[in-house]
Every structure is written in structure tokens, then in C-alpha cells.
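Chain residues, written in single-letter form:
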Amino acid sequence: MIRLLLLLTVLSLICSKYGTLANEKVKVRRAKGGPKRGPSEEAGSKPKPAARKQPPGDSPTEMKGPPQRSYTIQRRGNNTLAPDLDDPIFHSRFATKKRSKPVNVLLILADDLGFGDTSVEPFIGTGIRTPRLEKMAARGAILTNFHAAAPTCTPSRASLLTGMYPWRAGIKSVFEYGERNGKSNRDDWLVQVPTAPMLFAEHGYKTFHSGKWHLGGMRNDDYSMRMLPQKATYSESNGRRCPHPGPNQQGFQTYVSVLDGPGAPRQNELQVQDTLYSQGCRHLLENDNPLDHGAYNISGHLSHCEARHAMRAMSDSVKTNTPFFIHLWFHAPHGPWEYIPGYDRFYPEIRQPSSPYDKDVPNCNHPRAKRFRYCFVDNGGGKRRINDRGLNRLLKYMTMVSDMDAQIGMVLDHIDQLGIAKDTIVVFTSDNGPEDDAGTSGGLRERKRSIYEGGLRVPAIVQWEGTIPAGSAVNTMAISTDVFPTFLDAAGIALPSHYKIDGTSILPDLLAATRL
């Protein structure tokens, strides 16, 4: 230890002496009339080259376009990567001009849709047909380098709701539906930080959530506690805890979803029997009350019901001349996987052949046949018979994605019919990569639950007719935390100083998107 201290002392003296000599040389040179150097050149560094003259029209005051995507880094608690909210470059993102009409906001989220699970370039790979997403891309922009903030459901959804990295909200994994095991937060809830629907509601928006939630507060015990009469004091409540916050408490004035805790129909019936999509509509709640299906005349597969309720909210908003902020978060194409009829025309892998000799029917022994429901077996003598192996997980998944695509098309058509397409920004994406044996990550490594690109990189399409160039592409890297500030930018709503978010608006990139 003593030797180390002596060595450090000697090094300090040498550095001090060298610095003194260097300063004396500078003084002598300046006394002789030599050129002066800047502070960075004092210790013998090379002189800086002369600044390049800027051509006419290229000066900072004459430059056109959005601010640069750079921001200063500051330490805020454990977050070392958050943008400095006092940085004028960051705030200029939200300085959009006021429009004659408020901008409506719609976020459409798929569950476990992989990077290669559409028919929109470059999000292809499975052979799944999504003609309505193709049309949406033709009317808007594709984001070729978009990533979820996490490779699983709950943390990714939290980033969309808050604009924060999930770990800042204490969300490290998926909120489980089972009993608490005392070892993790997997049956927990999202802490009540400021959220996007809260801020939009403060600015007069109708906030509505339709579909899967999975951010806490929708377990049976939370629901039961919210149904109990509220008592004045804790002593009168017999020690019952406060219910965890659900969609209403997180800023949505109205929600339509299902309970997801132990004992709920989803866990005890729909998941076990693989009937979530065919029977899920019967179990929807609206603001903690059983949904009156007769009043709305809405039925069908779950994706259809989720879309129709979002359309209902849009219509109500237009009738009252109120802008809307809507989350349409499909359960699809997450398991349990079900065959959705009506899409056989898209897939020869599913269609029942008219004859064993149909050219589209593969031999059951051929590797290609793994993907097909029907294949032929050679009985000898040139005779064949059809073998029906049923629908595997992938084939069911394909019909679910195509059905979700059809419902998205129905919603976008409804926006056109309401005459609000030019006043509505629509974002479509997925919460993470695909599940095993159901979908594909489009050639990217790994899938759901992995932090390789296959688990994080997802399809993303943005439509805002008349504002975002039609048929364009954005290659800028973006993440799900950027969706919240992008919506604020589009709506011209300033970010309050107490909202400590991690995302940044990508609207300038969308406005300058390159046509394909």
C-alpha cells in the first residue's frame, strides 16, 4: 500500500512539472508574436482545421425540416438514458401548430404478431395474408426498424401507456394470472404514474380501451373489491386492501375487456377449452359491469367484438364533437389458437381438396406436407387416399391473423365513413415477437421472450391521411416508448414538466418519410 502511494505521488509530480513546462512554452511563443492556440491546444495538441464555409442556403438559420434527433443525456435516479426535458431541441418536438380540428388518436395492437407475419413488405415470411394492412401501408408509412420495449406482453404494453422504459415502472416480467408466489411481481399491477389517456382526458378527449389489458387490476379479487360499497375509514373496512388500479384508474373513462385472474372465465373455461375467440365476447365487461350485448347488438368472434366496441366509441365521439383517444388491443393472435372460418380461400394449406389427385395436395411423406392439413397417402397401384391431420397451431394462427386484419379493415373503413380520416392518426404494431410454432420473426434471430431482434423487432404501420406521405417508409430506429410522445406531437399537446418519459416523438420522421 505504501509503495502504491509513493508511486502515485511521483506520477503526480511528473504530470505537474510537464504541465508547467508546457504553459511556459506557450507564454514564450505568444511573447514572440506566434499564433495563439485555443484551450484544447495548450498541451501540444494539433491545431484544428479551418472551418468549412457553408454554401448559400445551408446556414443554420436557413435550414429546413425537423430538429435533429439528438438530445442531451442526464441522470435521473437510475435512468441514465432519459432525454433532458429542459432541452429546447426535445421540447421543439411538441411545438406543432394548432389545427382547426383536434386530432383523434387510435393505437391498434396485436398480441404476439411476429415481424414476418403479414403480407406487407418487409414484414413477410409466413405466407399470411393481410390485405387490409397492405391497404393501410399504401395510405400511410411503414416503420421498418420499430422495436417493442420488451420481448413480453406486460412490460411492452406499459411502455406504450406511459412512454417509459418498463423497468422504470418496476415491471420486469409478465403479470401472471395465477396466485402470488412471493418470489416475483408476476401477479402485480402497474403503479399509477402519469399515462397517455390521463393527459389526453385532461385536454378534453374521450378515452376508451377495447380488448386485452394485462397491466393489472383485472383479477377477480380486484374486481370484487371495486364492487364492494366504499367505506369511510380503514377501520370500517375490516382490513381489506385497496383494489389494484385497472383501466379506469389508469386514465380510460371507458373500457371493454375480460377479467384475467384465477377463477375468471378466461382462466377456468376459455383458455382450457380453447374457446377464447369463439366464446370470449360473452364474458366482456364494460367499466366493471357485465356488457349488455342486447343493447349494442355486437356478437361474433372476440376480435370482431373488440373492433366493434372501438367503432362504437368513435361514433359516440363524433356525435358529441369530441376528439377520441382509443386503444384497440386485440387478444389475437395470442393463444389459445382457434380456427377462424372464412379465410380458407387464402390458404391452400387449409382448403379441403376435391380429390386425392388434386395438384395442391402434397404427399404426407414430403417435408412440405408438415404445413398442410390434408395430404395424400399412396396405397399402391396408383391409388391414393386423403389423410386429414387436422389443423396445427400455425394454420390456426394464420386464420386468426387474417381475421384480425379483416377487423382492422372494418375499423379503418368506419373512420372513412365518419369523415375523420384526415383528422385521425392510426398506429398499428405488435407487443412483441411471435410465440413458438405460431408465426415467424421473418428471418430475425429468436422470437418472443428473447432480447434478440426476433423478440423485439415488430411490424409497425402509421396512417394519417393527408399528413403522412402515402406509400412511404421510415427507416429510423424507433421503440414503443416513442408512441406516446408521437401522439402528443400530432395532437399539439405539450408534455407537462412532471411527466418524466423516455420516448421521443418520431412525427418529424413520419412527415419526411420517403415514398416507396
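In this section: the state of the cysteines. Overall, the coordinates contain 2 disulfides when judged by the stated rule. With a sulfur-sulfur separation of 1.9 Å, Cys-281 is cross-linked through a disulfide to Cys-305. Because the sign of the S-S torsion sets the handedness, a value of about 120° for the bond joining Cys-281 and Cys-305 places this disulfide among the right-handed ones. With Cys-281 in the loop between helix H8 (276–279) and strand E6 (285–286) and Cys-305 in helix H10 (residues 302–319), this residue pair connects regions lying 24 residues apart in the sequence. Using a relative accessible area of 1% as the deciding quantity, one classes Cys-305 as buried. With its sulfur 1.9 Å from that of its partner, Cys-364 forms a disulfide with Cys-375. Handedness of the Cys-364-Cys-375 disulfide follows from its S-S torsion of about 95°: it is right-handed. Here Cys-375 lies in strand E9 (residues 374–380) and Cys-364 lies in the loop between strand E8 (324–329) and E9, a separation of 11 residues in the sequence.

A complete count under the given rule lists 18 salt bridges for this structure. Here Asp-431 and Arg-157 are joined by a salt bridge, their closest N and O atoms 3.3 Å apart. Placement of Asp-431 in the loop between strand E11 (424–430) and helix H12 (453–456) and of Arg-157 in helix H4 (residues 153–162) is noted, with a sequence separation of 274 residues between them. A relative accessible area of 0% places Arg-157 in the buried class. Put simply, Arg-449 and Glu-435 hold a salt bridge, and the shortest N to O gap is 2.8 Å.

All chains considered together, the criterion is met by 3 cavities of 30 Å³ or more. Reported here for the second largest cavity is a volume of approximately 60 Å³. Lining the second largest cavity, in full, are Leu-143, Phe-146, Val-427, Val-462, Val-483, Thr-486, Phe-487, Ile-506 and Leu-510. The greatest single-element share of the lining of the second largest cavity, amounting to 3 residues, is contributed by helix H13 (residues 483–491). Taken together, the residues that form the lining of the second largest cavity break down as 8 nonpolar, 1 polar and no charged.

What follows concerns the sheet that holds strand E2 (residues 141–143). Within the open sheet, the 11 strands sit side by side as E7-E6-E5-E4-E8-E1-E11-E12-E2-E13-E15. Their pairing is mixed. The outermost strands of the open sheet, each flanked by one partner alone, are strand E7 (289–290) and strand E15 (514–515). Note: strand E4 (residues 206–211) against strand E5 (residues 254–257), 3 bridges, orientation parallel. Along E5, the bridge assignment pairs His-209 with Tyr-255. Taken strand by strand, H13 contacts strand E1 (104–110), E8 and E11, and its axis lies near 160° from that of E1.

A few words on the nonpolar core. Ranked by internal contacts, the top residues of the largest apolar core, which has 60 residues, are Leu-106, Phe-428 and Ile-461. Elements that contribute at least two residues to this core include exactly E1, helix H3 (131–139), H8, H10, E8, helix H11 (393–418) and E11. Ranked by residue count, the leading element in this core is H11, at 11 residues. Contacts of Leu-106, omitting those with residues within four sequence positions, involve Met-314, Ile-326, Leu-328, Val-411, Ile-415, Ile-425, Val-426, Val-427 and Phe-487. Counting residues in hydrophobic clusters, the runner-up holds 54 residues, among them Val-105, Phe-200, Met-218 and Val-458.

This part is about the packing of H10 against H11. Axis separation between H10 and H11 bottoms out at 9 Å; the angle between their running directions is 10°. With respect to each other, H10 and H11 are oriented roughly parallel. Touching Ser-303, His-304, Ala-307, Arg-308, Met-311, Met-314, Ser-315 and Val-318 of H10 are Asp-403, Gln-407, Met-410, Val-411, His-414, Ile-415 and Leu-418, all from H11. Considered class by class, the residues forming the contact of H10 with H11 number 8 nonpolar, 5 polar and 2 charged.

Scoring rules and cut-offs
- Residues numbered from 1 in each chain as written.
- Predicted model: local features only at pLDDT ≥ 70, side-chain atom pairs only at ≥ 80, totals over all residues.
- Heavy atoms only, no water.
- Disulfide = S-S within 2.5 Å.
- Helix = DSSP H or I, 4+ residues; strand = E, 2+ residues; numbered from the N terminus.
- Buried < 20%, exposed > 50% of the residue type's maximum accessible area, 1.4 Å probe, protein only.
- Salt bridge = Lys/Arg side-chain N within 4 Å of Asp/Glu carboxyl O.
- 1 Å grid on protein atoms, 1.4 Å probe; cavity = no way out; pocket = protein on both sides within 12 Å on 5 of 7 lines; lining within 4 Å.
- Points joined across faces, edges and corners; volume = space filled by probe spheres on them.
- Nonpolar A, V, L, I, M, F, W, Y, C, P; charged D, E, K, R; others polar.
- Pairing = 2+ DSSP bridges.
- Contact = heavy atoms within 4.5 Å.
- Axes fitted to C-alpha atoms, helices over the stretch in contact; angles between N-to-C directions.
- Core = buried A, V, L, I, M, F, W, Y, C linked by side-chain atoms within 4.5 Å.
- Parallel < 35°, antiparallel > 145°, perpendicular 65-115°, else oblique.

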